[in-house]
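Each chain, written out:
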Amino acid sequence: MFPVPIDVPIDVAALRAALLAWYDAHRRTLVWRAPPGSSPPDPYRVWLSEVMLQQTTTAHATPYFQAFTARWPTVADLAAAGDGDVMAAWAGLGYYARARNLLACARAVAGDHGGVFPNTEAGLLALPGVGAYTAAAVAAIAFGRPANVVDGNVERVMARLFAVETPLPAARPELKRLAASLVADDRPGDWAQALMDLGATVCRPGTPLCEACPLTPWCAGYASGHPGRWPLKTRKTDRPHRTGVAWVLRDGEGRVALARRPDKGLLGGMLGLPTSDWVANVPEAVPPAAADWREAGAVEHVFTHFSLTLSVQVAEGAGDFLWTDPEEALRSLPTVFRKALERGLA
């Protein structure tokens, strides 16, 4: 156990000036950011990027963002898109409930607000699927509102800057309060992005690059000599494991059978392979069609809240399915079904 450092006095004005100067020199170039000195950011692009980034990294989200904005360059274009098209384009970005919320929000902006995003946190929060973080981020970055934008990167910066002894996730209200104490009217969008960039590139998980950090004069974690100690975290419980069966059924033309999943639940509304329930014990697996089913191995997949082993069975047959070219299915299916289909085709 490291000794808790004494408080380091913080000159908020000097700290803000140091971080903004660092940001001006070292800001990341991201496809959804407006270049320095350009017109204000497009709220649609800010909102879309923030929704995509909630469950993935900037590197992973970038090609998705580019594909979405090329196909649907405005919120009105996205609002007019078909549900299935958006779900297929979202495949690989995480929870599909967020894709459904994305469409609901786009349609609300297009239908109820004339295609113009509300420019306040309260107005943004009233949109379907928009939570406190996204509302704050869009308000600050797109509209210059002094909003308190706190993601995982900002939490880590605050935990080290103030040497917060409460472990995550219980520390989140305290970390948000501390971050709010540094928000000001001056350059709120740049301030929000500067904190994110600092956490992503300098005050990173594991070993922070303190020698490159502009905040070391005020950082209690740095003063302790052990900044990597923070943020403290509550020990995670083991992730539950589930099992299931996925069936790869092909017809005489070589097409593969797909089925639409129920709207509610994991991967709701998505096309996928027919599967059994995903349960803790070996499932009672009733094939979706009468055929000469053969074992084709198994695939592993990890979701946020559980891991999954899918046994794959293959056969040729017929039935009331959505019959799709295998290459098209491999391009559009969620990752877990793509793994199972690749196994079945092999």
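Our structure's up above, just so we're on the same page.
This structure is a prediction, so every number in the text was calculated from the model and none was measured.

Before going further, it helps to examine the overall build of the protein chain. Across its full length, the protein chain carries 14 helices and six strands. A separation of at least 24 residues holds for 69% of the contacts in the protein chain among residues at least 6 apart in sequence. Of the roughly 16,700 Å² of accessible surface on the protein chain, a fraction of 53% belongs to carbon and sulfur atoms. When the 33 positive and 34 negative side-chain charges of the protein chain are each reduced to one mean point, those points stand 4 Å apart.

Between helix H8 (residues 132–143) and helix H11 (residues 188–201), the shortest axis-to-axis distance is 7 Å and the interhelical angle comes to 125°. As the angle between them shows, H8 and H11 are arranged oblique. Only Pro188, Gly189, Ala192, Gln193 and Met196 of H11 make contact with H8, whose side of the interface consists of Tyr133, Ala140 and Ile141.

Quick look at the nonpolar core now. Counting 101 residues, the largest nonpolar core has Trp47 and Met158 as its most contacted members. Grouped together as the second largest cluster of nonpolar side chains are nine residues, Trp247, Leu249, Ala257 and Ala289 included.

Turning to the packing of aromatic side chains, a few remarks are in order. The full count for this structure, using the stated rule, is ten aromatic pairs. Both rings, one in tryptophan 278 and one in phenylalanine 303, keep their centres 5.8 Å apart while their planes meet at 25°; by these two values the pair is stacked. Of this pair, tryptophan 278 sits in the loop between strand S3 (271–272) and strand S4 (294–302) while phenylalanine 303 sits in the loop between S4 and strand S5 (307–316); the two residues are 25 residues apart in sequence, bridging distant segments of the chain. One exposure class covers both tryptophan 278 and phenylalanine 303, and it is buried. With a centroid separation of 5.8 Å and an interplanar angle of 90°, the aromatic rings of phenylalanine 321 and tryptophan 323 are classed as edge-to-face. Given a relative accessible area of 17%, phenylalanine 321 falls into the buried group. Counting every residue linked through ring pairs, the aromatic cluster contains Trp278, Phe303, Phe306 and Phe337. Its end group placed over the ring of tryptophan 278, arginine 261 keeps NZ or CZ at 4.9 Å from the ring centre.

Once that is clear, we can look at unusual backbone geometry. At the junction of leucine 168 and proline 169, the peptide bond is cis and its omega measures out at 5° in the coordinates. Here the residue pair tryptophan 230 and proline 231 is connected by a cis peptide bond, since its omega of -5° sits within 30 degrees of zero. Within the secondary structure layout, proline 231 lies in the loop between helix H12 (220–224) and strand S1 (241–250).

The side chains of a regular strand alternate between the sheet's two faces. In this sheet, S5 lies alongside S4 in antiparallel orientation, the contact comprising seven bridges. Considered in S5, the bridge of arginine 294 is made with valine 314. What sits between the antiparallel neighbours S4 and S5 is a turn of four residues.

Okay, the pattern of salt bridges next. Tallying each qualifying case throughout the model produces eleven salt bridges. Note that glutamate 165 is salt-bridged to arginine 229, the shortest N-O span being 2.8 Å. Of this pair, glutamate 165 sits in the loop between helix H9 (152–161) and helix H10 (172–180) while arginine 229 sits in the loop between H12 and S1, and the two are 64 residues apart along the sequence. Glutamate 165 sits in the partly exposed class, given a relative accessible area of 28%. Arginine 229 sits in the buried class, given a relative accessible area of 14%. Where arginine 331 meets glutamate 328, a salt bridge forms, and the shortest distance between an N and an O atom there is 2.8 Å. With arginine 331 and glutamate 328 both in helix H13 (residues 326–332) and three residues apart, the pair spans about one turn of that helix. Arginine 331 sits in the exposed class, given a relative accessible area of 58%.

Cut-offs used in this document
- Residues numbered from 1 in each chain as written.
- Predicted model: local features only at pLDDT ≥ 70, side-chain atom pairs only at ≥ 80, totals over all residues.
- Heavy atoms only, no water.
- Helix = DSSP H or I, 4+ residues; strand = E, 2+ residues; numbered from the N terminus.
- Contact = heavy atoms within 4.5 Å.
- Areas by Shrake-Rupley, 256 points an atom, 1.4 Å probe, with all protein chains shown as cover.
- Lys, Arg positive; Asp, Glu negative; His and termini not counted.
- Charge placed at Lys NZ, Arg CZ, Asp CG, Glu CD.
- Axes fitted to C-alpha atoms, helices over the stretch in contact; angles between N-to-C directions.
- Parallel < 35°, antiparallel > 145°, perpendicular 65-115°, else oblique.
- Core = buried A, V, L, I, M, F, W, Y, C linked by side-chain atoms within 4.5 Å.
- Buried < 20%, exposed > 50% of the residue type's maximum accessible area, 1.4 Å probe, protein only.
- Phe/Tyr/Trp six-rings, centres within 6.5 Å; stacked < 30°, edge-to-face > 60°.
- Lys NZ or Arg CZ within 6 Å of the ring centre and 35° of its normal.
- Pairing = 2+ DSSP bridges.
- Salt bridge = Lys/Arg side-chain N within 4 Å of Asp/Glu carboxyl O.

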